[in-house]
Structures are given as structure tokens and as C-alpha cells.
Amino acid sequence: MGNNKINLEVHLGRLILKNPVLVASGTFSYEYTELIDISKLGAVVTKAVTLRRRQGNRPPRTWETSCGLLNSIGLENPGVEHFLEKGLPCWRRWPVKLIVNVAGETVEEYAELARILDGAEGVDALEANISCPNIREGGIFFGVNPEMSYRVISAMRSRTSKPLIAKLTPNVTDIVSIARACVEAGAEILSLINTLRGLAIDPDTFRPRLGKGFGGLSGPAIKPVAVGMIHQVYRALDVPLIGIGGILDYRDAVEFFLAGARAVAVGTGNFVNPRIPLEIIEGLTKFLEEKGMRGVEDLVGKVRFEVGATWPRFPRTEGELTI
Amino acid sequence: MVSQARLVSSTLIKKNWMTDEVVRLTFSDPHIPALAVPGQFVFLRPSPLNYPLLRRPYSLFDVDEEKGVFDLLVKVVGVGSRILSQRSEREMVDLIGPLGNGFFLSDNSGQRELLTWSDSKHLIVAGGMGIAPMHFLARRLKERGEEVVVLFGAVSRNEVLCSSEFQELGALFVVSTEDGSLGKMGKVSSLIPEYLSRDKRIQIYACGPRGLLKEVVELSRREGLLCQVSLEERMACGLGACRSCVCKVGTESQFEYKRVCRDGPVFRAEELVVE
């Protein structure tokens, strides 16, 4: 059976991708072009770009946990001007969609980044990182509050006509309220989840394993949290979702599609094996073929719950989350 | 420099336990032995399963271009190294390599400064598993007819590694142990002054615990010696993307973070802030 009738193309609002497999911000860099053919990817999401250069946090910056990775890198990057001069021209050599992840310490910084990148050719979409747990100002401070999330996204929305993605943090009581605020502010796509805040301690020295103390947890350990949150948001809102969190193979990706994601991004998996995103594309094609499906759309949100399944209940969304 | 690293599956062809805790693994691979330079490393998955999750970096102990094999020294210290050490001969191991910048030797890439070779004496200073990248280096130096002295420090005699391997190369191998059970008692750094000669230009290559590296770097600065340091660091991506394995380059008050995996693992002592 040939795979000619499978079409992996996905439409995330105005952002059209040749397949639904992305690589997540902070886990992929130009160096990967030496090992895999990145033109096969649905899109590349860059490491967070900030207005000015950031040195990053003091090491150690990562600590491996059971099936997970705790990190506190601190958004080390050379700043947006450097990105436009050096980084972007490199990426543009490749026929692959590019999503630029941006982070700021203030609403104005996010807005300024949106303005600067709005004119940049070769940037296909912007992803607002309102969820980084590892910087002192900004990042997650916006993403845990619906009102602040709204302010950041609407400020960016008014400065750019490019497709706008809001990347959400799982470190909240009610993910739906944040998601709704972002959509109301003009985000056309949501990506979730960023890392879960955590702490690892050395029992011998009594000191945190990371130089900065707390960090963010990623990897397979957080996958069920991510799948659950995708489904909560999928149930509540009509907006394309990019599922992120512990995806290592196509079956993990299928879980996210069934929960309601239209695309997935591989993060920590890129460290495990740089081929994972390409293997997912191949595996997904075969899977759809075997199921007699034509595309990912046939899977989106198709999880089947038993009658009487339990649901997360929160005061603000209780009414919307009953089956 | 364009990296020549490849994603490969290499066959483990031989396991040789050097001590109770250290095993020398020999792999067969058609690419890595021909591409690698001393000081580079491979980034491998200890298990074909996803536990442990991350790859582990191991320096190339040596390569044999003709036979198409390369060797790693693995000390069992945690889950990853234990699983790796228990892999059987003929099993395939998934790895990326060769990675990183090796020792600064004269080569044709234009990236490396041509050091003055005449009248040089090469001091290799290794603490414990810091010996891992040094056999490849010592062999290359000996092949050029250079004088090589290996100063090896261990806690105790049962941790002394590879003396015959280095002697076979024609290098002088000098041991110190902290408990005095073999060689001179004390730290390996205390051996260095004896081997500094005035009539030869001294080049030092160091790898080992941070305390040792700090001493070697300070001594090199004081004495005005050429010194290169290979850093050991935990890594997540191994390629330069994640910025986990950073070290300080510059001065204590004005530094920037450089990636051990991509910008190193070998650095010049004069640029490094060793903490």
C-alpha cells in the first residue's frame, strides 16, 4: 500500500504546515542541520529571542531526573539584532517554516519584539513565550495570570500581522482561563505545555542540583500532564493547538492528536535522538495508512471517554467541562 | 569548522575491564576513527530504551584508523555508565560523533594555531578518569617524535589506569596517589614542577577534577606555560543547542559562557575561568 493518499498537511489558522511535526523552542539549533534534513520538518521553532542579549543562568543548568530533564538555562541568547543579522539568514537557507519564539521582561518588550520581527522575511509566525519559569522578570509571570497574558498578547497583536502563537505554562490552576485570555487577545494558535516548575536536591550536600535552584521539568515524565491540558483546552476553545511535552515517538504524537492537538513539537526528545521528529513523520504516515485515515485531522480530539469519566473541575470552567 | 559528526550505530566489539570500576570499550565504526582528532568525544545512548533518557559524552580514548575501531574508557559511577558497562559484545550502540574541538595541534584546518614543535616537551596531567582523552593525544605526539610525560593522579593504587598502554607508546608515565599506595604521595599537580625544564618549551594538557584543573591553570599562568584543558561536563544535547554545559571564558569579573560540547571540550588555560 503506497502512502500517496496520506496528506500530513495541517492548517493552524493562517499558518499552513506540510506536516504536523515541529521542534520545540530551546531544544533545537542550527547545529542540527549537520545531522538531520530539517527541510522535512513541519516547522522549526527557534530558541527564545529577547530584545537584548542574555547571558543565561549560572551552571549547572540541567539535571536529569527519572524520565525527565530539569533545566534552568535562563534564556541565554544573543538578542534580536544578532538573530536578524546572523541567525535568521542561516535558517533561511533551508526550505522550512520558521517560528520565532520571543520572550520579554515587560509588556513593552514583547510588543517591541513583535514590531521588529513583523518586517522580517522568512519568519512565518511568532510564538510568545509567556511561560519560561527560569527568568526573574517576565516569562511565566505573564503566563500565570489571564489579565497579564491578555496584555502581552494584545500588545504583540497590535504590532504584528504575522500568525501569533501563545505558549502556555502548566504551572497554573486553570489552564483554560489563560488560554481563553490569549485567544481573546488575538492569539491564533496556542502551544502547550512549557516546563513544569520543579526542584532537585543533592542529598549529600543539601544543595539544589541546579545553580539557580528551581527549574522547569520536561521529557516523558510530564507527557500525561501535557496531554491532559491539551484536552482541557480543546474542549473549551475552538483554536488550533500545538501539543508539547515528552514526545519521543509517533505513538506519543498520536496521543496528543487524540487529545485535541493539530500539531506536535518535539523538545527534550531532540536530545535523546535528533532523528525523533523525522521518525515521527514516518511513523505517523504508516499509522494513518493502517487506520485507513487520510490525515491528522481524522485523529484530532477523537479520544473516547467512558460515560462517567472524571474531569478536572475548576470554579471558572466547571460548566464547560462536563461531557 | 564544519562539524563532521554523524549519527551512527556502532558495534561494541570488545570489553576489557581495567579496574573494578573502569571498562575499556572497543567499538567498530567506519567513520569515526578516520574523522576524529585527539580530545574529541562521542555522545552515546547507554541503552536502546529511553532510560536513562539522555545521552552521555565519552572522550575518545584512542582510535585505530586501519582497523576502523575506537575505544572509550567508562567508569561505573551512575545509572548510565552501569547500563553501558553491562552491554554485551556485538550489541549496537547508538552514538553521535566525533564531537567538539580537540586539542590544539597543528593541522590543516586553519582553525588551530600552529604551535612551535621544536624543543617542546609535552606534559599530560590527568586526574582519575581525566586520562580518558590522553592516549589518543599521546600517540599523536609520539608519532611526531615529541617528548611526552604523563603525570597521572589517583586516590589509591587500585585506581591507577593505563600505565602499560602509555609506556608502550614510549611516554614516561609517572604516578601519584593521594594515599601514597603507589608513586609519590599527594596530588598529581605536585609532580609538575619536577618536569619543568628550562631548556625546553613546556606544553601542558590537563583533564580531571576541577580542583586539579584550577591548580594546573594557575601554575601555567604563573610559569607562563602553554596549557590546554579538557573539561568534563554533564550535557543534554551535546550539539550546542541547549546551552546546558557552559563554562566561563574571560575573567572572573568579565566573562561569557561558552559551551563545553561545542566550543570545547578543550580550552586554552589562559581564557578559562575554572571554578
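Model, not experiment: these values are computed from the prediction. (Residues numbered from 1 in each chain as written. Chains lettered and ligands numbered in written order. Predicted model: local features only at pLDDT ≥ 70, side-chain atom pairs only at ≥ 80, totals over all residues. Heavy atoms only, no water.)

**Concerning the state of the cysteines**
All names here are of chain B. Within the structure shown, the criterion is met by zero disulfides over all chains. Sulfur of Cys237: no disulfide; nearest cysteine sulfur belongs to Cys242 and is 3.7 Å away. Cysteine Cys247 remains unbridged, with the sulfur of Cys245 as its closest cysteine sulfur at 8.0 Å. What makes Cys247 buried here is its relative accessible area of 6%. (Disulfide = S-S within 2.5 Å. Buried < 20%, exposed > 50% of the residue type's maximum accessible area, 1.4 Å probe, protein only.)

**Some thoughts on the sheet that holds strand β9 (residues 147-154) of chain B**
Paired through their backbone hydrogen bonds, the strands of a sheet run either parallel or antiparallel. Residues and elements named next belong to chain B. The seven strands are arranged β11-β10-β9-β8-β12-β13-β16 in an open sheet whose pairing can be described as mixed. The open sheet has two free edges, formed respectively by β11 (184-185) and β16 (266-268), since each of these has just one partner strand. Alignment of strand β10 (residues 172-177) against β11, held across two bridges, turns out to be parallel. Bridge assignment links Thr177 to a residue of β11, and that residue is Met185. On top of the sheet, helix α3 (residues 134-143) reaches β8 (120-127), β9 and β12 (201-207); it is set at about 170° to β8, its chief contact. Helix-sheet contacts for helix α5 (residues 210-223) involve β8, β12 and β13 (226-230), and the interaxial angle to β12 is about 165°. (Pairing = 2+ DSSP bridges. Helix = DSSP H or I, 4+ residues; strand = E, 2+ residues; numbered from the N terminus. Contact = heavy atoms within 4.5 Å. Axes fitted to C-alpha atoms, helices over the stretch in contact; angles between N-to-C directions.)

**What about the sheet that holds strand β3 (residues 41-44) of chain B?**
Residue and element names in this part refer to chain B. Taken in spatial order, the seven strands make up an open sheet running β4-β3-β7-β1-β2-β6-β5, and their pairing is antiparallel. Every other strand in the sheet has two partners, leaving β4 (56-59) and β5 (62-64) as the edge strands with one partner each. Strand-to-strand twist of the sheet, defined as the mean angle between neighbouring strand axes without regard to direction, takes the value 40°. Pairing analysis gives three bridges linking β3 to strand β7 (residues 92-99), with the strands arranged antiparallel. Counterpart to Phe41 in the pairing with β7 is Leu99.

**Some words on the UniProt feature "binding site: [2Fe-2S] cluster" (unreviewed entry) in chain B**
Summarizing the sequence annotation, UniProt attributes the feature "binding site: [2Fe-2S] cluster" (unreviewed entry) to Cys237, Cys242, Cys245 and Cys261 of chain B in the numbering used throughout. On the basis of their most widely separated C-alpha atoms, the annotated residues across 25 residues gather in one place, lying no more than 10.2 Å apart. As for its position among the elements, Cys237 of chain B is in the loop between β13 and β14 (246-250). A residue is classified by how much of its surface remains accessible, and Cys237 of chain B, at 2% relative accessible area, is buried. Every residue in contact with Cys237 of chain B, bar those within four places of it in the chain, is listed here: Tyr32 and Phe271 of chain A together with Phe43 and Cys242 of chain B. With respect to the helices and strands, Cys245 of chain B occurs in the loop between β13 and β14. With a relative accessible area of 3%, Cys245 of chain B lands in the buried category. Ignoring anything within four residues of it in the chain, the contact list for Cys245 of chain B reads Glu233, Arg234, Met235, Lys258, Arg259, Val260 and Cys261 of chain B. (UniProt positions renumbered as here; feature names shortened; annotations may be inferred.)

**Some points on unusual backbone geometry**
In this structure, Pro60 of chain A follows Pro59 of chain A across a cis peptide bond, with omega equal to 0°. Among the secondary structure elements, Pro60 of chain A is positioned in the loop between β4 (43-45) and β5 (62-65). Cis geometry is found at the peptide bond from Gly97 of chain B to Pro98 of chain B, where omega equals -5°. Structurally, the position occupied by Pro98 of chain B is in strand β7. Even without a glycine there, the phi angle at Cys67 of chain A is positive, about 55°. Mapping Cys67 of chain A onto the fold places it in the loop between β5 and β6 (68-71). By relative accessible area, Cys67 of chain A is classed as partly exposed at 34%.

**Brief notes about the packing of helix α2 (residues 107-118) of chain A against helix α4 (residues 146-157) of chain A**
For any two helices packed against each other, the geometry comes down to the angle between their axes and how far apart the axes lie. Residues and elements named next belong to chain A. Taken N-terminus to C-terminus, the directions of α2 and α4 make an angle of 30°; their axes are 8 Å apart at the nearest point. Comparing their axes, α4 and α2 come out roughly parallel. The two elements α2 and α4 cross, and the hand of that crossing is right-handed. For the pair α2 and α4, contact is made by Val107, Tyr110, Ala111 and Ala114 and by Met148, Arg151, Val152, Ala155 and Met156, respectively. (Parallel < 35°, antiparallel > 145°, perpendicular 65-115°, else oblique. Left-handed = near helix turned anticlockwise from the far one by under 90°.)

**Considerations on the confidence of the model for chain B**
Predicted coordinates in regions of low pLDDT should not be interpreted in detail. Confidence in the prediction for chain B averages 92 pLDDT; 94% of positions are at 70 or higher. Of the regions scoring below 50 in pLDDT, residues 107-114 of chain B engages in eleven contacts with residues more than four places distant in sequence or in other chains. (pLDDT = per-residue confidence, 0-100.)

**As for the side chain of Ser81 of chain B**
Residue and element names in this part refer to chain B. Inspection of the secondary structure assignment puts Ser81 in helix α2 (residues 79-85). Taking the relative accessible area as the measure of exposure, Ser81 reaches 4% and is therefore buried. Within the structure, the side chain of Ser81 is placed 3.0 Å from the backbone nitrogen of Gly78, a separation counted as a polar contact. Residues within four places of Ser81 in sequence aside, it is in contact with Tyr58, Val74, Lys75 and Val76. (Polar contact = N/O pair within 3.5 Å; in protein donor to acceptor, adjacent residues only side chain to side chain.)

**Observations concerning the packing of helix α1 (residues 80-91) of chain A against α2 of chain A**
Residue and element names in this part refer to chain A. At their nearest, the axes of α1 and α2 sit 11 Å apart, and the two run at 20° to each other. For the element pair α1 / α2, the angle class is roughly parallel. Here α1 runs over α2; the crossing is right-handed. Between α1 and α2, the contacting residues are Val80, Glu81, Phe83 and Leu84 on the first element and Leu113, Ile116 and Leu117 on the second. Residue classes in the contact of α1 with α2 are distributed as six nonpolar, no polar and one charged. (Nonpolar A, V, L, I, M, F, W, Y, C, P; charged D, E, K, R; others polar.)

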